[in-house]
Amino acid sequence: MAKNHIMHYNMNLLETTVMPAFNKEQVLVLTPMSKFYPEYWDNLLTLSYPRELMELGFIVPRGKEGDEVVKKLETAVKAVQRSSTESARFSRVTILRQDSESVESQLEKDRHALKAQKERRSKMALARNSLLFSTLGPFTSWVLWLDADVIETPKTLIQDLASHNKAVIAANCYQRYYNEETKKNDIRPYDYNNWVESEEGLRLASTLGPDEIIVEGYAELPTFRALMAHFYDPHGDVSTEMQLDGVGGTAVLVKAEVHRDGAMFPSFPFYHLIETEGFAKMAKRLGYQVFGLPNYLVYHYNE
Ligand code: GDP
Ligand code: MN
């Protein structure tokens, strides 16, 4: 391929198929990381997608906490990449340091307060964009967005999501917890950013000023949108699909062509949406369809 220092890539040969591993399609796994959870890393290592077809990209905030994260991440990465067998190594690992510190307080109750959302989500959008535009290669077929606190997924996550052959497809992110009422281990919805737009959501948006945003999951902003988190049916078919208008970033598989066409994470209000929810809107405006799998669960860390 490299002749006289010129690289040629035939983008028309770059495929996204329902059998990505068989067809040797490169998957770029992207994770913005403000905390290093060993459980995230262990789960990543259990994924059965061939590692030589997997690239990893991380973006870590500046500052002391970020330094700690980088240290732990580097140690984990080195242990794998020093492996003598090629098939045990990822094809490439990129760690980016953000040009800004992590968004103020990261305690769950603070970062979820509505007034903190616009600034926080817009900074997250910038971090995701930096990560995406610095790592997407001409050979990348798929991008898997996987949050650093998603600690449990089926090991066939990539194959399962890809088998639906959708431009954008999100898993349903739940959380394990101890249910005090039933005295049993239980699960509950975590990511409310996977949703179907509603009449009320549209009406609410129409009342907003140009710089105002709607973020899903807040009683202060009742949208009555259908949330994928509530469509989970433990007895249902795991491959059930539903069309979505907004997505979260916890575990989403995106065909690289969607990003290459220009769909990114708006850090500014885009149809009154930002970050991952704005991304879904942008993908749709580019002519792509966005889907979710209500019965296909992945699990978020319980702080
Ligand atoms: P939540 O689960 O919706 O409350 O959001 P999180 O705080 O878990 O953030 C989503 C993802 O972004 C996780 O992977 C975090 O580790 C990561 N993250 C959060 N804040 C920052 C930040 O300031 N910079 C970077 N690079 N990543 C961040
Ligand atoms: Mn999280």
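The preceding data block contains the structure.
Residues numbered from 1 in each chain as written. Chains lettered and ligands numbered in written order. Predicted model: local features only at pLDDT ≥ 70, side-chain atom pairs only at ≥ 80, totals over all residues. Heavy atoms only, no water.

Asker: Sorry, what's going on with the coordination of the manganese ion (ligand 2) here?
Answerer: By definition of the ideal shapes, four donors in a tetrahedron about a metal sit 109.5 degrees apart, and six donors in an octahedron sit 90 or 180 degrees apart. Protein coordination at the manganese ion (ligand 2) comes from Asp 149 (OD) and His 300 (NE2), with a distance range of 2.2 Å. You can see Asp 149 sitting in the loop between strand E4 (140–146) and strand E5 (150–152) and its partner His 300 sitting in strand E12 (residues 290–300), a full 151 residues away along the chain. Assigned by exposure class, Asp 149 and His 300 land together as buried. (Donors = N, O, S within 2.8 Å, 3.2 Å for Na, K, Ca; no water. Helix = DSSP H or I, 4+ residues; strand = E, 2+ residues; numbered from the N terminus. Buried < 20%, exposed > 50% of the residue type's maximum accessible area, 1.4 Å probe, protein only.)

Asker: Quick question: what am I supposed to make of the pattern of salt bridges here?
Answerer: Think of it this way: side chains of opposite charge can pair up when their charged atoms draw near. Here the structure, examined in full by the defined rule, presents 15 salt bridges. A salt bridge links Arg 97 to Asp 67, with the nearest nitrogen and oxygen atoms 3.0 Å apart. Of the two residues, Arg 97 sits in strand E3 (residues 92–101) while Asp 67 sits in helix H2 (residues 64–81), which places them 30 residues apart along the sequence. Salt-bridge contacts for Arg 128 lead to Glu 275; the nearest nitrogen and oxygen are separated by 2.7 Å. With Arg 128 in helix H4 (residues 114–135) and Glu 275 in helix H8 (residues 275–285), this residue pair connects regions lying 147 residues apart in the sequence. Take Arg 128 and Glu 275: they sit in the same class, and that class is buried. One continuous salt-bridge network, built from bridges that share partners, spans Arg 121, Arg 128, Asp 147, Glu 275 and Glu 277. (Salt bridge = Lys/Arg side-chain N within 4 Å of Asp/Glu carboxyl O.)

Asker: Would you explain the site of ligand 1 in this entry?
Answerer: Looking at ligand 1, there are 18 residues lining it, with Pro 32, Gln 98, Arg 111, His 112 and Asp 149 nearest. Within the side chain of Gln 98, one N or O atom sits 2.6 Å away from a nitrogen atom of ligand 1. In isolation ligand 1 offers 560 Å² of accessible surface; the protein chains occlude 91% of this area. Elements that contribute at least two residues to the shell around ligand 1 include exactly strand E2 (54–62) and H4. (Near = heavy atom within 4 Å. Polar contact = N/O pair within 3.5 Å; in protein donor to acceptor, adjacent residues only side chain to side chain. Areas by Shrake-Rupley, 256 points an atom, 1.4 Å probe, with all protein chains shown as cover.)

Asker: How do you make sense of the packing of aromatic side chains when you look at a structure like this?
Answerer: Aromatic rings considered in pairs are described by the distance between their centres and by the relative angle of their planes. Here the structure, examined in full by the defined rule, presents 8 aromatic pairs. With a centroid separation of 4.9 Å and 80 degrees between ring planes, the pair formed by Trp 145 and Phe 265 is classed as edge-to-face. Here Trp 145 is found in strand E4, whereas its partner Phe 265 is found in the loop between helix H7 (256–260) and H8, with 120 residues between them in sequence. Each member of the pair, Trp 145 as well as Phe 265, is classed as buried. By way of ring pairs, the aromatic residues Trp 41, Phe 58 and Phe 90 are connected into one cluster. (Phe/Tyr/Trp six-rings, centres within 6.5 Å; stacked < 30°, edge-to-face > 60°.)

Asker: Got a minute to help me understand H8 in this structure?
Answerer: Since there are 3.6 residues in each turn of an α-helix, residues three or four apart along the chain are aligned in direction. Taken across its 11 residues, H8 has 8 buried, putting it largely inside the fold. Where H8 is buried, its residues meet H4, strand E6 (168–179), strand E8 (195–196), strand E11 (251–255), H7 and E12. Two residues or fewer after H8 comes Gly 287, characterised by a positive phi angle close to 100 degrees. (Contact = heavy atoms within 4.5 Å.)

Asker: Can you help me understand the side chain of Gln 175 in this one?
Answerer: Checked against the element boundaries, Gln 175 lands in strand E6. A distance of 2.9 Å separates a polar side-chain atom of Gln 175 from the backbone oxygen of Tyr 301. Sequence-distant contacts of Gln 175, defined by excluding residues within four places in its chain, comprise Asp 186, Ile 187, Arg 188, Tyr 190, Tyr 299, His 300, Tyr 301, Asn 302 and Glu 303.

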